[in-house]
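A closer look at the structure
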Amino acid sequence: MTTSTQWAVEVEECRLLLGNGGAEAIVFHLADFRVKDVEQVALTGPSGCGKSTLLNLVAGLRKPDTGIIRVQGTALGQLSPAQLDTFRGQTMGFIFQNFNLLDTFSALENVMIGMRFGRAFPKGEHKERATLLLKRVGLQRRLHTRPVHLSVGERQRVAIARAIANHPALLLADEPTGALDPVTASDIFLLIREVCDEEHCALLLVTHDLNLALQLPRQVDCCHLVQHHALSEVTA
Amino acid sequence: MSLWRMAWRYLWGRALVTILTVTGIVLGAALIVTVLTLQRESKTGFLNEGGQFDLVVGAKGSPLQLVLSSIYHLDSPTGNIPYARFAALAQDTRIASAVALGLGDNYHGYRIVGTDTNLFSLPDRRDPKKLLFNLAEGTLFQKDFEAVVGAQVASQTGLKRGDTFVGTHGLTVTPGTSEHHAFPYTVVGVLAPSGSSSDNAIYVTLPSVWRIHEKEAETHRQRAGVAPNAPPSTKDLEVTAVLLRLKTIGLRLLMSQEIQKQTEAMAAIPVNEMLRLYQQVLRPMQLLLLAVAALVVIVSALSITATLYQAAERRRRDLAVLRALGAHPREIFTLVVLEALLVTVLGLATGWLLGHGGLALAMPYFRDSLGISLSPWMSDQVEIFSLGLVALGGLLAGILPAAQAYRREAVTDLSSN
């Protein structure tokens, strides 16, 4: 189930049925696609073209009906659900447009919870590393503040710290600057790039902002990768 | 961060709802603890007290009434029997001790019991090294119209050694009844609190009771054709009941049947009567209370289910994020179940404390007013089993929302934000 590890992500001819299988059902067809180790890729395209679905497939949060997806050489389809969860926690980090922080917990606890389920570091190191990462993203004075009391920029910084807490090989960012003003968006974008360089992890970043996308070494238009077919067309 | 800690933090994240849910469990558990403890202790207390005597002999009537009136100082006596009956029983070689009781008057509702000092020399059957009655101060009565008062009588009426009082005719306070002003009693001793019916009684000599009621007896004698002012003979004297301790407990039934054959008396076995009373009257009431407690617990369990279900629904995004971070579905399941478990355990522990603490606080009331001596902090197997069932119920209440959270696809809730 493991092949060479020069690729952070390998997608081979994936198909996914979207909908309930009735007349309205759509087949999501993803062409071959690869991301090298440590490579930073911007995934662009209009709304509804399938960027987020692609990200969810790579994360193993959705399972393709056919085709193979490998992350760091590991075929996700061959992992049991529990193995897949553990693998995701150890190998991938997520940054969402709406931050998706846990409001009940402080910034520090949010990062530590990420580490708890990532299982990449011994329990005794969680607090120290989480503190270090939050300092790295400029939140040394906000360690014990709950997300509701943080600015949107600060929230995304916590999300970045949480995403890299398990030292992932792949960072998946879904519109990470979409909810931010241009200045903050630029800062956050730079921060994401910096931490990816520091942590030596590949970046697959979904964005509508072409200016930001062009700052990354590689841009992929999702419309060229993904095709949508009506189920009736495929089965005809 | 452990799942326990996360569950705890989530509970405190919705503190008001958590407190209300816990309160339901607290009330249910406290009610269960209280009812079971009172059930156990009242049963033990009743049977222990009843077990001090093997037989009670009195006028024919209800055996339960005889036992209640002569041992527990409740209910009306069944009537009187001739003193000669007592004298005969006292001579019976199968009897270890026979104590006669004469009732008829009260002081502020506390019964004045005519007896003799033999009653005070009886050992306590629960602990034969101790006496059944113990003086807190003073002495036993030596002569007529001296009185030894129970602890509760002393505390409630203020009677103390050296005080005098007069009895009122009858066994309960009834307005307009005559007081025996010509025959005042003097308190010579106060009994130590025992948690039994003796706390609520006043003990005097049998002749005191007889002398007060001599006039009444004389009327009876006149009606019977005896010359007025003739001195009463022992044939005219009566007692209300005789308490018997037998040399062999196995003789209870035989002697009871023997006495039953006598026309003027009957014998009752106190333990049997009290068990019957317990089974017929007290137990159904206690079962009813337990049913109420069970209902409270069931409602609380449903409340836990509803609360956790709603909480899990509101936290769908959180749970999906945890899945994205690498949490296994079984960890999500455990997290939700732990919340139910924490609510239940917190409710049970607080309910246990509240129930037993409440009983400890109310102990003086139960001892003084109801004559029930409690061990308020004791938990027996039935209680532990019942609370265990509540814990299981709480756990089961968490399983439905936990299973719901377990089954959800993380991607649905992540993409909906």
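Residues numbered from 1 in each chain as written. Chains lettered and ligands numbered in written order. Predicted model: local features only at pLDDT ≥ 70, side-chain atom pairs only at ≥ 80, totals over all residues. Heavy atoms only, no water.

Thoughts on the overall build of chain A
Operational definition: Think of it this way: any DSSP run of H or I at least four residues long counts as a helix, any run of E at least two long counts as a strand, and we number them from the N terminus. Computation of the radius of gyration draws on C-alpha atoms, with the globule rule given as 2.2 Å multiplied by the number of residues to the power 0.38. Think of it in three bands: residues with accessible area under 20% of the maximum for their type are buried, residues over 50% are exposed, and the middle band is partly exposed, with areas taken using a 1.4 Å probe on protein chains only. By definition, residues are in contact when any of their heavy atoms lie within 4.5 Å.
The helix and strand inventory of chain A stands at nine helices and eleven strands. By the compact-globule yardstick of 18 Å for 236 residues, chain A fits well, its C-alpha radius of gyration being 18 Å. For chain A, the spread of C-alpha atoms along the three principal axes comes to 60 × 40 × 35 Å. A burial count over chain A gives 55% of its 236 residues as buried. When contacts within chain A are restricted to residue pairs at least 6 apart in sequence, long-range pairs at least 24 apart make up 75% of them.

Let's talk about the interface of chain A and chain B
Under the convention used in this document: By buried area we mean the combined loss of accessible area, with a 1.4 Å probe, across both parts when two parts are placed together. Throughout this description, the term salt bridge denotes a Lys or Arg side-chain nitrogen within 4 Å of a carboxyl oxygen of Asp or Glu. N or O atoms closer than or at 3.5 Å make up a polar contact, with two conditions inside protein: a donor-capable atom paired with an acceptor-capable one, and, for residues adjacent in sequence, both atoms drawn from side chains.
Each partner contributes to the interface: chain A provides 25 residues, whereas chain B provides 26 residues. Here chain A and chain B share an interface that buries about 2,400 Å² over both sides, 58% of which is from carbon and sulfur atoms. Inspection of the region where chain A meets chain B yields six salt bridges. Between A:R116 and B:E331 there is a salt bridge, with the nearest N and O atoms lying 3.2 Å from each other. At the boundary of chain A and chain B, one finds 13 residue pairs in polar contact (both at pLDDT 80 or more).

Quick word on the nonpolar core
The test is simple: Think of a nonpolar core as a cluster: buried Ala, Val, Leu, Ile, Met, Phe, Trp, Tyr and Cys residues, connected wherever their side-chain atoms sit within 4.5 Å.
Counting 83 residues, the largest nonpolar core has A:L54, A:L204, B:M6 and B:L322 as the members making the most contacts within it. Here the element with the most residues in this core is helix α11 (residues 329–370) of chain B; it accounts for nine residues. Residues in contact with A:L204, not counting those within four places in the same chain, are A:F33, A:V35, A:V41, A:L54, A:L55, A:V58, A:L170, A:L171, A:L172 and A:A173. Ranked by size, the runner-up nonpolar core spans 39 residues in total, among them A:L108, A:A185, A:F189 and A:C201.

A short note on the packing of helix α2 (residues 15–50) of chain B against helix α12 (residues 381–407) of chain B
All names here are of chain B. Put simply, the rule reads: Think of each axis as a best-fit line through the C-alpha atoms, taken over the contacting stretch in the case of a helix, with angles from 0 to 180 degrees between the N-to-C directions. Roughly parallel means an angle under 35 degrees; roughly antiparallel, over 145; roughly perpendicular, 65 to 115; everything else is oblique. Handedness of a helix crossing follows the sense of rotation of the near helix relative to the far helix, less than a right angle counterclockwise being left-handed and clockwise being right-handed. Residue polarity is assigned by list, with Asp, Glu, Lys and Arg as charged and Ala, Val, Leu, Ile, Met, Phe, Trp, Tyr, Cys and Pro as nonpolar; anything else, Gly included, falls into the polar class.
For the pair α2 and α12, interaxial distance at closest approach is 10 Å and the crossing angle is 160°. Between α2 and α12, the angle is such that the two are roughly antiparallel. Seen from above, α2 lies across α12 with right-handed handedness. Here I25, A29, I32, V33, L36, T37 and R40 of α2 come into contact with α12, specifically with V382, E383, S386, L387 and V390. Here the contact of α2 with α12 is composed, by residue class, of eight nonpolar, two polar and two charged.

Points about a nonpolar patch on the surface
Just so we agree on the cut-off: Nonpolar side chains (Val, Leu, Ile, Met, Phe, Trp, Tyr) are joined into patches within 5 Å and like charges within 9 Å, using only residues with over 30% relative accessible area and no salt bridge. Areas reported as accessible are Shrake-Rupley estimates using a 1.4 Å probe. Residue values count occlusion only from the protein chains shown.
A cluster of nonpolar side chains, B:F385, B:L389, B:L392, B:L396 and B:I399, forms an exposed patch at the surface whose accessible area comes to about 500 Å². Positionally, B:L389 belongs in helix α12.

Overview of the packing of aromatic side chains
As a reminder, the rule being used: A pair of aromatic rings is counted whenever rings of Phe, Tyr or Trp (Trp by its six-membered ring) have centres within 6.5 Å, and the orientation is called stacked for planes under 30 degrees apart, edge-to-face for over 60 and tilted otherwise. For a Lys NZ or an Arg CZ to count as sitting over a ring, it must be within 6 Å of the ring centre and within 35 degrees of the ring normal.
Tallied over the entire structure, the rule returns 15 aromatic pairs over all chains. Between the aromatic rings of B:F120 and B:F133, the centroid separation amounts to 5.3 Å while the plane-to-plane angle is 65°, which identifies the pairing as edge-to-face. One end of the pair, B:F120, is in the loop between β4 (110–115) and β5 (123–124); the other, B:F133, is in the loop between β6 (127–131) and β7 (135–138), with 13 residues separating them in the sequence. By way of ring pairs, the aromatic residues B:Y107, B:F145, B:F165, B:F183 and B:Y185 are connected into one cluster. In this arrangement the basic side chain of A:R34 is found over the ring face of A:W7, its NZ or CZ atom lying 5.5 Å from the centre.

A look at the sheet that holds strand β8 (residues 170–174) of chain A
Residue and element names in this part refer to chain A. Applied cut-off: Only strands joined by at least two bridges in the DSSP assignment are considered to pair.
Across the sheet, five strands lie side by side as β7-β8-β9-β4-β10; this open sheet has parallel pairing. Edge strands, defined here as strands with exactly one partner in the open sheet, are β7 (92–95) and β10 (218–221). The sheet shows a mean angle of 20° between the axes of neighbouring strands, taken without regard to direction. With four bridges joining them, strand β4 (residues 40–44) and β10 adopt parallel strand pairing.

A closer look at the pattern of salt bridges
Counted according to the given criterion, the structure contains 28 salt bridges over all chains. Of the charged contacts, one joins B:R94 and B:E258 as a salt bridge, the two residues approaching to 2.8 Å between their closest N and O atoms. With B:R94 in the loop between α4 (83–91) and β3 (95–107) and B:E258 in helix α8 (residues 252–261), the pair connects residues that are 164 residues apart, well separated along the chain. One salt bridge in this structure joins B:D127 and B:K130, with 3.7 Å as the shortest N-O distance. Among the ionic contacts, a cluster of salt bridges with common partners joins A:E10, A:E12, A:R34 and A:R70.

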